[in-house]
Amino acid sequence: MFCEKYYRPRSISEALELLKQYRGRARLIAGGTDLVLQLKEGKKRVSVLVDITQIKELNYIEADQGFIRIGALATHSRLAQSSLLLKQARVLAQAAASVGSPQIRNVGTVGGNVVNAQPAADTAVALTALDAMATVLGVDGEREMPVRNLFGGVGQSKIDPTGEMITGFFFKVPPGGLLSSFGRVARRKALSLPVLNVGVALAPAGRDNIIKDACICVAPVAPVPLRMRKAEEILTNGILNDQTIRAASEAAAGAAKPRDSRLRGSADYRVELVRVMTYRTIKNALQAPGGCQIV
Amino acid sequence: MSKQKIIFEVNSRTVNLEINADEMLLEVLRERLDLVGAKRGCGEGECGACTVLVDGEPVASCIYPAVKAAGKKVITIEGLGDEDNLHPIQSAFLEEGAVQCGFCTPGMILSAKALLDKNPAPTEEDIRVAISGNLCRCTGYAKIVQAVKRAARILAGG
């Protein structure tokens, strides 16, 4: 028996009130596709669950004055099918589409994916590539944090689900738009943990082959999703062509320090994967609708 | 531990139950409601044998807390048809030889139903993605995909 009581509040205030009332013995649950298993296996323990999926105002995907805002309870299915995301930030739609299976995607949420804090969580990699922020609500009020700062280590979120909740995420879409793509290597096409995830988002400068901003996120090559800063600098420094893309991929491979892994392959293999997948994902991003023709 | 009351719809019938907070939908369906079509394959949400439809969407009922189903509409394979009155998807599976041991079949058919309800003319790729959360150890999937194509044609009036 892994919990004594299961609440389904209909409002944010009701949810926070329950957390306050139980003083650490209650925690939030969204879709539960990770958490239920962890509770059944005894990896996490709780007395009371507060299911927030009835709170309608936390489930939205909308454009708002140059930003895209996403409610924490938007399911992966919803993200994957969002025409807004497919058009303007397809890295996130593609990432959500590769989570688990249809059954998992129909129930699992983007907020839960981030709080579960696996470094290669598909939507977390995409959100990091979009340089997204999270809005966090606790008893002390609301704060905003970069998504990449919510990861304290493998499975260790900086969010405390007994006292606070992510209400949503937001990221900027510059006037020139974003060219983005998600790349994944896994043993199977579904129901498979990633061997490597890469998220790329590029802001074209409006002149052919010039990128004014680049974000590249690669995972798992560290306990948290990793931004490849050196690779990003190479892409924004001058004309973008096959040579610079190769140089950026090389820089990403150099920055990745994965370990030998029975699950994901030897360190050498994983570094080579970073090299190849960074290259391919940058190329794929450039071929996104509205993209520029590159050598 | 106190029990919790939930009311929800199963195969168009309203059901009123007192359950434990940590019961999963799969147990409630199989053990309290005698709807044993949904199977426990892995117990981890990774094989799809427990798939049922909740508000039209396939979910893994083995990791779906039953309390979540309160106020929702659940469809199990029993709600689709029976041996005297087969649903077109069930007939198609039989006609195409898409059933061997039958363990994956209820979940497979429900995933197919959810697909065809949303997308009456799926491509082969659409079908394969729709059933990507349902594992089959017997058939190699080819006949299952053929069956879904056949069902799509029949349901479209072909």
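Nothing here was measured: the structure is a model prediction, and the numbers come from that model. (Residues numbered from 1 in each chain as written. Chains lettered and ligands numbered in written order. Predicted model: local features only at pLDDT ≥ 70, side-chain atom pairs only at ≥ 80, totals over all residues. Heavy atoms only, no water.)

Colleague: Just checking my understanding: could you explain the side chain of A:Arg27 for this structure?
Modeller: All names here are of chain A. Assignment of secondary structure puts Arg27 in strand β2 (residues 26-29). Despite its burial, Arg27 remains without a salt bridge, the nearest opposite charge being carried by Asp160 at 7.5 Å. Beyond its immediate stretch of four places on either side in the chain, Arg27 contacts Leu19, Leu35, Lys44, Val46, Val48, Leu49, Val50, Pro161 and Thr162. (Helix = DSSP H or I, 4+ residues; strand = E, 2+ residues; numbered from the N terminus. Buried < 20%, exposed > 50% of the residue type's maximum accessible area, 1.4 Å probe, protein only. Lys, Arg positive; Asp, Glu negative; His and termini not counted. Salt bridge = Lys/Arg side-chain N within 4 Å of Asp/Glu carboxyl O. Contact = heavy atoms within 4.5 Å.)

Colleague: Just to check I follow, could you spell out the nonpolar core for this structure?
Modeller: A general tendency of soluble globular proteins is for nonpolar side chains to be buried together. Within the largest apolar cluster, 45 residues are counted, with the highest numbers of intra-cluster contacts made by A:Ile70, A:Leu79, A:Leu85, A:Leu92, A:Val114, A:Ile166 and A:Phe171. Apart from the residues within four sequence positions on either side, A:Val114 is in contact with A:Ala124, A:Leu127, A:Val147, A:Leu150, A:Phe151, A:Ile166 and A:Phe169. If you look at the next biggest cluster of nonpolar residues, it comprises 41 residues, including A:Val99, B:Ile6, B:Leu35 and B:Ala70. (Core = buried A, V, L, I, M, F, W, Y, C linked by side-chain atoms within 4.5 Å.)

Colleague: Before we go on, may I ask you to explain helix α11 (residues 267-286) of chain A in this structure?
Modeller: Every α-helix carries 3.6 residues per turn, so stepping three or four residues along brings you back to the same face. All names here are of chain A. Taking 1.5 Å per residue, 20 residues should reach 28 Å; α11 reaches 29 Å between its end C-alpha atoms and fits that length. Listed in full, the buried residues belonging to α11 are Ala267, Arg270, Leu273, Val274, Met277, Thr278, Tyr279, Thr281, Ile282, Lys283, Ala285 and Leu286. Buried residues along α11 sit against α5 (90-97), β11 (179-186), β12 (194-204), β13 (211-219), α9 (229-236) and α10 (242-255). (Expected span 1.5 Å × (residues − 1).)

Colleague: Would you mind going over the side chain of B:Ser132 with me for this structure?
Modeller: Looking at the secondary structure, you find B:Ser132 in the loop between α4 (124-130) and α5 (142-155). Within polar-contact distance, the side chain of B:Ser132 engages the backbone oxygen of B:Val129 at 2.7 Å. Not counting the four nearest positions on each side in its chain, B:Ser132 is found in contact with A:Pro102, A:Ala190 and A:Leu191. (Polar contact = N/O pair within 3.5 Å; in protein donor to acceptor, adjacent residues only side chain to side chain.)

Colleague: Before we go on, may I ask you to explain the interface of chain B and chain A in this structure?
Modeller: Interface extent is often summarised as the accessible area lost during association of the parts. Taken together, the contact between chain B and chain A spans 31 residues of the former and 26 residues of the latter. Buried area between chain B and chain A, summed over both chains or domains, comes out near 2200 Å², and the portion from carbon and sulfur atoms is 57%. At the boundary of chain B with chain A, the tally comes to 1 salt bridge. When the shortest N-O distance is used, the salt bridge between B:Lys68 and A:Asp51 registers 2.9 Å. Taken together, chain B and chain A are joined by 12 residue pairs in polar contact (both at pLDDT 80 or more). If you list the elements that add at least two residues to the side of chain B that touches chain A, you get β4 (57-60) and α4 of chain B. Sorting elements by how many residues they give to the side of chain B that touches chain A places β4(B) first, with 4 residues. Counted by class, the side of chain B that touches chain A contains 15 nonpolar, 10 polar and 6 charged residues. (Buried area = accessible area lost by both parts, 1.4 Å probe. Nonpolar A, V, L, I, M, F, W, Y, C, P; charged D, E, K, R; others polar.)

Colleague: What exactly am I supposed to notice about the packing of aromatic side chains here?
Modeller: Here the distance between the centres and the angle between the planes together describe a pair of aromatic rings. Residues and elements named next belong to chain A. A full pass over the atoms with the stated rule returns 2 aromatic pairs over all chains. For the pair Tyr7 and Tyr22, a centre-to-centre distance of 5.9 Å together with 55 degrees between the ring planes defines the contact as tilted. Of the two residues, Tyr7 sits in strand β1 (residues 5-7) while Tyr22 sits in helix α1 (residues 12-22), which places them 15 residues apart along the sequence. The interplanar angle of 65 degrees and the centroid separation of 6.0 Å between the aromatic rings of Phe67 and Phe170 together place this pair among those described as edge-to-face. Of this pair, Phe67 sits in strand β5 (residues 67-71) while Phe170 sits in strand β10 (residues 164-172), and the two are 103 residues apart along the sequence. Given a relative accessible area of 26%, Phe67 falls into the partly exposed group. A cation over a ring is seen here: Arg69 above Phe67, with NZ or CZ 5.5 Å from the ring centre. Sitting over the face of the ring of Tyr279, Arg246 holds its NZ or CZ atom 3.9 Å from the ring centroid. (Phe/Tyr/Trp six-rings, centres within 6.5 Å; stacked < 30°, edge-to-face > 60°. Lys NZ or Arg CZ within 6 Å of the ring centre and 35° of its normal.)

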